[in-house]
Amino acid sequence: MEACNAFYYATRDPLGAAGDFVTAPEVSQMFGEMVGAALADCWKRAGAPANAIYAELGPGRGTLASDALRVLRAVGFAGAAHFVEASPVLRRAQKDLVPAGRWHDAIDTLPRRPLLLVANEFFDALPIRQVADGVERCVSLVGDELAFDRIGDIVEDSPVRDQATADVAARLAANGGAALIVDYGHEKSAPGDTLQAVHKHQFAPVLADPGEQDLTAHVDFEALRKAAGSNVQVSRLVAQGEWLKRLGIVARAEALIRANPDQAEAIHTALERLTGADQMGTLFKIIAIHSPDWPEPVGFA
Ligand code: SAH
């Protein structure tokens, strides 16, 4: 999974109608604006520390960063934008939208400063392990086809995700700040096979075309909460649709429609896509991690 996704992201921009999948920030600017508003409010309530920076894990095309930073700049936040991004193709796209960004290969080189950190659909792309009836399941070559070496009841874990979460938590605990993590997944750890492949907006067999399709697995938010540890505070897990509405996305949509009446239908469709229970609204969830000396971001209580 790690090798396939490294190749996959390094060799293409998979986002958008012409690619393999569409993410929330690519649906509408309103998503990044709500994230920016939550971070702006949190930063102000933390006393608006001038040394804080914006940081994002796996920023895709940079759309979320550019929409969130517009809101943050409007309240006086002047911190730099730091991106943890492995893909050279996506780094170039991010640089087009956020020319002054700084790039990192991993979380541990982010500056030792208070963080306003965001990760949307980053954790689902990190590799998982699967255990079948107590034995780790591996992929082997049978003839010239890839195949799983065993079947059985599957339990998943992800040491890579746990490490990424622990790294973020350690930074927040040491230097202060808040992180918003958005992804699909489950609130409680549970057995089950959630590995999936998506190609051109359709599910595909997971072992087909290695490195040519998007491999993800559901995020186990209970495991994430555990990996964050006890030196930070972790919020409740809230459905994306509910969180966006608490942040005021409906009022924002109305304002955008007043300013662009000819786009009313497209804005309504985007709002429904981001918040609708049958669309991204309940499948995607959001959780916040923050240092004890920073307030909890809004929308979780
Ligand atoms: N957050 C963006 C993109 C999500 S796709 C959006 O919402 O549109 C996943 C992103 O994570 C891509 O930018 C991909 O290149 C990056 N990524 C995946 N695995 C990574 C890794 N191990 N290290 C750094 N970035 C990674």
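Described in the following lines is the structure provided in the data block. All values reported here derive from a predicted model rather than from experimental measurement.

Side note on the nonpolar core
Inference 1: In this structure, Tyr54, Leu180 and Trp243 are the most contacted members of the largest nonpolar core, which totals 47 residues.
Inference 2: Broken down by element, the residue count for this core peaks at nine residues, all from helix α3 (residues 29-45).
Inference 3: When sequence neighbours within four positions are dropped, the list of residues in contact with Trp243 reads Met34, Val35, Ala38, Leu180, Val238, Ile286, Val298, Gly299 and Phe300.
Inference 4: Grouped together as the second largest cluster of nonpolar side chains are 26 residues, Ile53, Ile107, Leu110 and Leu126 included.

Topic: the pairing of strand β17 (residues 284-290)
Inference 1: Extensive coverage of β17 is indicated by the burial of seven of its seven residues.
Inference 2: Burial along β17 is two-sided: Phe284, Ile286, Ala288 and His290 and Lys285, Ile287 and Ile289, pointing in opposite directions, are all buried.
Inference 3: By the bridge criterion, seven bridges tie strand β10 (residues 177-186) to β17 in an arrangement that is antiparallel. Within β17, the residue paired with Ala178 across the bridge is His290.
Inference 4: Alignment of strand β15 (residues 233-234) against β17, held across two bridges, turns out to be antiparallel. Along β17, the bridge assignment pairs Gln233 with His290.
Inference 5: Where strand β16 (residues 238-239) lies against β17, two bridges are found, and the strand directions are antiparallel. If you follow Ala239 over to β17, its bridge partner there is Lys285.

Some words on the side chain of Ser158
Inference 1: Locating Ser158 in the fold gives a position in the loop between β9 (154-157) and α6 (159-175).
Inference 2: Ser158 gets classed as buried once you look at its relative accessible area, which sits at 6%.
Inference 3: For Ser158, the side chain forms a polar contact with the main-chain oxygen of Pro127, separated by 2.7 Å.
Inference 4: Beyond its immediate stretch of four places on either side in the chain, Ser158 contacts Pro127 and Ile128.

Regarding the sheet that holds strand β5 (residues 129-132)
Inference 1: Within the open sheet, the three strands sit side by side as β6-β5-β9. Their pairing is antiparallel. Looking at which strands have only one partner, the edges of the open sheet turn out to be β6 (135-136) and β9.
Inference 2: One ladder, built from two bridges, connects β5 with β6; its direction is antiparallel. Along β6, the bridge assignment pairs Val131 with Glu136.

Some words on the sheet that holds strand β11 (residues 196-199)
Backbone hydrogen bonds hold the strands of a sheet together, and the pairing may be parallel or antiparallel.
Inference 1: Ordered by their spatial adjacency, three strands build an open sheet running β12-β11-β13, and the pairing between neighbours is antiparallel. Since the sheet does not close on itself, it has two edges, and those belong to β12 (202-204) and β13 (214-216), each with one partner. Along the sheet, successive strands turn relative to each other by an average axial angle of 40 degrees, direction set aside.
Inference 2: Two elements, β11 and β13, share three bridges in a ladder whose sense is antiparallel. Among the inter-strand pairings, Ala197 is bridged to a residue of β13, identified as Leu215.

Some words on helix α8 (residues 240-247)
Inference 1: By the burial criterion, the buried members of α8 are Gln240, Gly241, Trp243, Leu244 and Leu247. The buried residues of α8 occupy one face: seen down the axis, they fall within an arc of 165 degrees.
Inference 2: At the C-terminal side of α8, Gly248 shows a positive phi close to 100 degrees.

Criteria and thresholds
- Residues numbered from 1 in each chain as written.
- Predicted model: local features only at pLDDT ≥ 70, side-chain atom pairs only at ≥ 80, totals over all residues.
- Heavy atoms only, no water.
- Core = buried A, V, L, I, M, F, W, Y, C linked by side-chain atoms within 4.5 Å.
- Buried < 20%, exposed > 50% of the residue type's maximum accessible area, 1.4 Å probe, protein only.
- Helix = DSSP H or I, 4+ residues; strand = E, 2+ residues; numbered from the N terminus.
- Contact = heavy atoms within 4.5 Å.
- Pairing = 2+ DSSP bridges.
- Polar contact = N/O pair within 3.5 Å; in protein donor to acceptor, adjacent residues only side chain to side chain.
- Axes fitted to C-alpha atoms, helices over the stretch in contact; angles between N-to-C directions.
- Arc of directions from axis to C-beta.

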